[in-house]
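Letter by letter, the chains look like this.
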Amino acid sequence: MSSEQADMENIIPNKTSISLNEEQILELNNRLKTEFMADCFSYMHIDDDVDARQHIHSVWNRYLECVGNAAMLAAFFDTLPYHIKISVLPKYQNEIVQWCEQLFHIHSQTILYSTYYLEAFQRIIRYALKNDQYKKAIIYIPIDFNRDWKIDLTSSISNIRFEHIPNKNSCDDMIDIQKLEELIKRDAKDALSYPCMVIANAGSTLLGRCDDLNKIKQLCEQYDIWVHAIGDLLGSLTLLSSVENNVNISCDSLTMDLKKLFGIQNLPCATFLLRSVNDTKENDETNETHKSHPLDQSILQSSSISFLSVWSLSQRCSNEKILHHMKQSFEMAYFLLTRLKQIKHIRILNDDREQENNTYQRICSGNASDEILPTSVVIFRFEYHDEREKPDNLIDYLDLINLWLFDKLSQQHSKINLAFVQNIHLQSSNSSNQTSLNALSFAPLEHPIDNIDQNDMQALLDNIQQFSNILLSTVIARIDLPTSITKYENLVPIVVPNWAGIGAVRYIPSTIDRLDINETSAYEINRIQSELARQLQTNDSAFSLGGGSDEHDSMLYLRLGMIRKRDDLDILLQKISHAGKETETSLKYIEDMADKIKMGIEKAQKDLENENLQLLAQDGLLRQLPLVSNIMSWWSPAPSASPLATKGRSFDLNSGQVESTEDTYLYRMQIKKQTLAAQTHADTSTTSNNSSEPTTNH
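What you are looking at is a predicted structure, and each value in this text was computed from that prediction instead of being measured. (Residues numbered from 1 in each chain as written. Predicted model: local features only at pLDDT ≥ 70, side-chain atom pairs only at ≥ 80, totals over all residues. Heavy atoms only, no water.)

(A) How the structure looks around the overall build of the chain. A tally of helices and strands in the chain yields 20 helices and 21 strands. When burial is assessed residue by residue, the chain has 44% of its 698 residues classed as buried. Within the chain, counting contacts between residues at least 6 apart in sequence, those at least 24 apart form 68% of the total. Accessible surface computed for the chain: about 39,700 Å², of which carbon and sulfur atoms make up 50%. (Helix = DSSP H or I, 4+ residues; strand = E, 2+ residues; numbered from the N terminus. Buried < 20%, exposed > 50% of the residue type's maximum accessible area, 1.4 Å probe, protein only. Contact = heavy atoms within 4.5 Å. Areas by Shrake-Rupley, 256 points an atom, 1.4 Å probe, with all protein chains shown as cover.)

Written as structure tokens, this is what we have:
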């Protein structure tokens, strides 16, 4: 066989070489998986935490263990003819519905699967629309409903519009049912639109709170309005030890994110249809009766990977393994919630466990349990409670120091995945007005990696206690700064916006009038602040240089950061005052010395110019001419050592006087002379005589 024929066989294999046996397929799959994962890991930095790689592997292995190779089944199922898929689907769909009913205790007619929440909303809204209505359907949504979802839904479904439901004054994320009823009554009389659907929360993404689904459902039944529920607590019924058969979620449909609840990647959002319909069909082709829902056909309109992932999960894993992530997440949230209550200056913004109506009877119909709903998210922040003395702009300042707290905790506890939440609107304790706050959030359901135990949580709590003590000392020092600084005459307080530390001070030299500062004195002040910052930062990180950018005050100042003890404020101010005086003296000495040196140089230059003129007069004009000077030097040589020869000058740092270097060259050494500034009380009468005698400096 020629080499050309061999190459052609490699390019165009024969029929026997096209198919691979199982061992070859397995080997190929393992090789591709290994190469792909190795390439992905190669983009991680070498100094990355080794735990990060292990956590990625654990998530991947959990998916393989619980879901398996559902993608292979989906690829096979999607290649089947449509009439076979429509015949096969009811059996496996009913198995999933029965499994979810046993797992979640939710009685549903069917389940739809969506990759994203938006897709789930599109399906359920289209299903809830009334075909006999030619007016726009109104969808009532909570204030915190995702803005992007609203825009996308409005563009994809033309005959709908959204109406935000006002929240209760006491809570930022709970629907005001009285306001909802007023909106429904108003819109029921509208000639161009009609009330169609209410979307309510059972565990909101912001604070984890639940709307009163029972009251909302009773209201909507009066006007034939569809109720759709979303939230992380919808699946928490499975955690109860026993649930009555007549218990169900009070809504017509609900959507749960299975990926969040189970902690398994690539699982879909499951939409449960609870409202019964009469147009179900039965399939008797396989001697078994399998009911099918009209919406089941929508499953076949997209890839079956979502549907088969849930079915594969139901066949491979026990309920205990599936619910491990949900149980651990609720336990960690409850552990943090109870421990944070013991830290004095930490406020929990979503602690509703003590409310009487915060039970399963709030979201379930029938003989629902009176157990308290679990906590899916913990929102907390540091607060200062002393009503007697408060810093200016207290809320804004507390937001800044809570951001500092978040940065510190995130650096030391990265795997706990804390988040910083902004603009949480809560009712003030002493007024009916709402305040906007920033806080820290712990939402373990948001992260699929179960790598947090109670030791990690206790370490987090210890640091929260430690940092809370630092923040408390800093807040008190900020309040005391204007009073404490009056003890130091050279220091003035500076108001610094957007600074989480104690504040700022400026050192004013004693020679400058702080009420009359011109450009020269401002330059002197800035020079001292820069030198102070350089000196103090070497030993204490609490100091930093700030200012220079404000159009109203362009001078620099020293910023004071966090302190551990209340007494540290006086220590910091003492350091600034002491270092400022030393710096002021040092800079003054250098400035005076520079002036003396400048005057000495000018005097030396003037003396040298005079000596040159005298020497020129002695030699005569003819000796200065280029051609004649040689003849004059031959005819009448100039004296070798003229008394008017040019002498150098030296500057005495002790006396500040300019002296001749004649003696230095005469005696071949530096001569130390006693000056009037260095006179002593010993025999002043002989000073002039002794001063003329040379003394060597050994």
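That was the structure; now back to the text.
(B) Broad picture of the packing of helix α4 (residues 70-78) against helix α11 (residues 305-316). Between α4 and α11, the shortest axis-to-axis distance is 9 Å and the interhelical angle comes to 130 degrees. Of the possible angle classes, the one that applies to α4 and α11 is oblique. You can see that α4 and α11 cross each other, and the crossing is right-handed. For the pair α4 and α11, contact is made by A70, A71, L73, A74 and F77 and by I305, L308, S309, W311 and S312, respectively. (Axes fitted to C-alpha atoms, helices over the stretch in contact; angles between N-to-C directions. Parallel < 35°, antiparallel > 145°, perpendicular 65-115°, else oblique. Left-handed = near helix turned anticlockwise from the far one by under 90°.)

(C) A look at helix α13 (residues 324-340). An ideal rise of 1.5 Å per residue puts 24 Å on 17 residues; α13 measures up with 24 Å between its terminal C-alpha atoms. Of all 17 residues in α13, 12 are buried, a share of seventy percent or more. Of the positions making up α13, those classed as buried are H325, M326, Q328, S329, F330, M332, A333, F335, L336, L337, T338 and L340. (Expected span 1.5 Å × (residues − 1).)

(D) Summary view of the packing of aromatic side chains. Considering all chains together, one arrives at 14 aromatic pairs under this definition. Ring geometry for Y92 versus W311: centroids 5.1 Å apart, planes at 90 degrees, classification edge-to-face. Placement of the pair is Y92 in helix α5 (residues 82-104) and W311 in helix α11, with a sequence separation of 219 residues. By relative accessible area, Y92 is classed as partly exposed at 24%. Between Y113 and F307, the ring centres sit 6.0 Å apart and the planes meet at 45 degrees, which makes this aromatic pair tilted. Highlighted residues: Y113 in strand β1 (residues 110-114) and F307 in helix α11, separated in sequence by 194 residues. (Phe/Tyr/Trp six-rings, centres within 6.5 Å; stacked < 30°, edge-to-face > 60°.)

(E) Just the environment of V495, in detail. The residue V495 is located in the loop between β16 (491-494) and β17 (503-507) in this model. Classification of V495 as exposed rests on a relative accessible area of 81%.

(F) Region of the structure containing the pairing of β1. Along β1, 5 of the 5 residues are buried, which leaves the element largely enclosed by surrounding structure. Going residue by residue along β1, you find T110, L112 and S114 tucked away on one face and I111 and Y113 tucked away on the opposite face as well. Bridge count for β1 against strand β8 (residues 269-273) is 5 bridges, and the pairing is antiparallel. Bridging from a neighbouring strand, I111 pairs with F272 of β8. (Pairing = 2+ DSSP bridges.)

(G) Region of the structure containing the pattern of salt bridges. According to the stated counting rule, one finds 23 salt bridges in the structure shown. Close ionic contact of E35 with R31 constitutes a salt bridge, the shortest N to O distance being 3.4 Å. Linking E35 with R31, this pair stays in helix α2 (residues 22-41), spanning 4 residues, or about one helical turn. Residue class for R31 comes out partly exposed when judged on its relative accessible area of 43%. (Salt bridge = Lys/Arg side-chain N within 4 Å of Asp/Glu carboxyl O.)

(H) Spotlight on the side chain of R362. Relative to the helices and strands, R362 resides in the loop between β11 (346-348) and β12 (364-365). Notably, R362 is buried but unbridged: the nearest opposite-charge side chain belongs to D212, and the N-O separation is 4.2 Å. At 2.8 Å, the side chain of R362 forms a polar contact with the backbone oxygen of C210. Setting aside residues up to four positions removed in sequence, R362 forms contacts with K168, M174, C210, D211, D212, L213, N214 and N357. (Lys, Arg positive; Asp, Glu negative; His and termini not counted. Polar contact = N/O pair within 3.5 Å; in protein donor to acceptor, adjacent residues only side chain to side chain.)

(I) Highlighting the side chain of S577. Its location among the elements puts S577 in helix α17 (residues 568-619). S577 has contacts with Y488, L491 and Y507, leaving out every residue within four places of it along the chain.

(J) Representation of the environment of F382. Along the polypeptide, F382 turns up in strand β13 (residues 378-382). The sequence separation of F382 and I348 amounts to 34 residues, and the corresponding C-alpha distance is 9.0 Å. Those residues in contact with F382 that sit more than four places away from it in its chain are H345, I346, L398, I401, N402, L405, S468, L471, L472 and V475.

(K) How the structure looks around the sheet that holds β16. Taken together, 4 strands build an open sheet; the order of strands is β16-β17-β19-β18 and the sheet is antiparallel. The sheet is open, and its two edges are formed by β16 and β18 (543-547), each paired on a single side. Averaged over neighbouring strand pairs, the angle between their axes works out to 40 degrees when direction is ignored. Of the strand pairs in this sheet, β16 and β17 are connected by 4 bridges, and their pairing is antiparallel. For P493, the partnering residue across the bridge sits in β17 and is V505. Across the sheet, helix α16 (residues 519-537) is in contact with β17, β18 and β19 (556-560); its angle to β19 comes to roughly 30 degrees.

(L) The arrangement of the nonpolar core in detail. Counting 95 residues, the largest nonpolar core has F104, I249, L254, F262 and F272 as its most contacted members. The element that contributes the greatest number of residues to this core is α5, accounting for 7 residues. For I249, the residues in contact, after removing those within four places along its chain, are I106, L213, L234, L237, L254, L274, I363 and C364. (Core = buried A, V, L, I, M, F, W, Y, C linked by side-chain atoms within 4.5 Å.)

(M) Layout of the state of the cysteines. A full pass over the atoms with the stated rule returns 0 disulfides. A disulfide-free cysteine, C251 has its sulfur positioned 9.1 Å from the sulfur of C364, the nearest such atom. (Disulfide = S-S within 2.5 Å.)

(N) Seen up close, unusual backbone geometry. In this structure, H105 takes a positive phi of about 60 degrees despite not being glycine. Here the phi dihedral of N266 falls at roughly 65 degrees; this positive angle occurs in a residue that is not glycine.

(O) Looking closely at the sheet that holds β1. Within the open sheet, the 7 strands sit side by side as β1-β8-β7-β5-β4-β2-β3. Their pairing is mixed. The open sheet terminates on both sides in strands that have one partner only, identified here as β1 and β3 (160-164). On average, adjacent strands in this sheet sit at an angle of 25 degrees to one another, irrespective of strand direction. As judged from the 5 bridges shared by strand β7 (residues 253-257) and β8, these two strands associate in the antiparallel manner. Note that in β8 the partner of L254 across the bridge is F272.

Distances and angles like these do not, on their own, reveal function.
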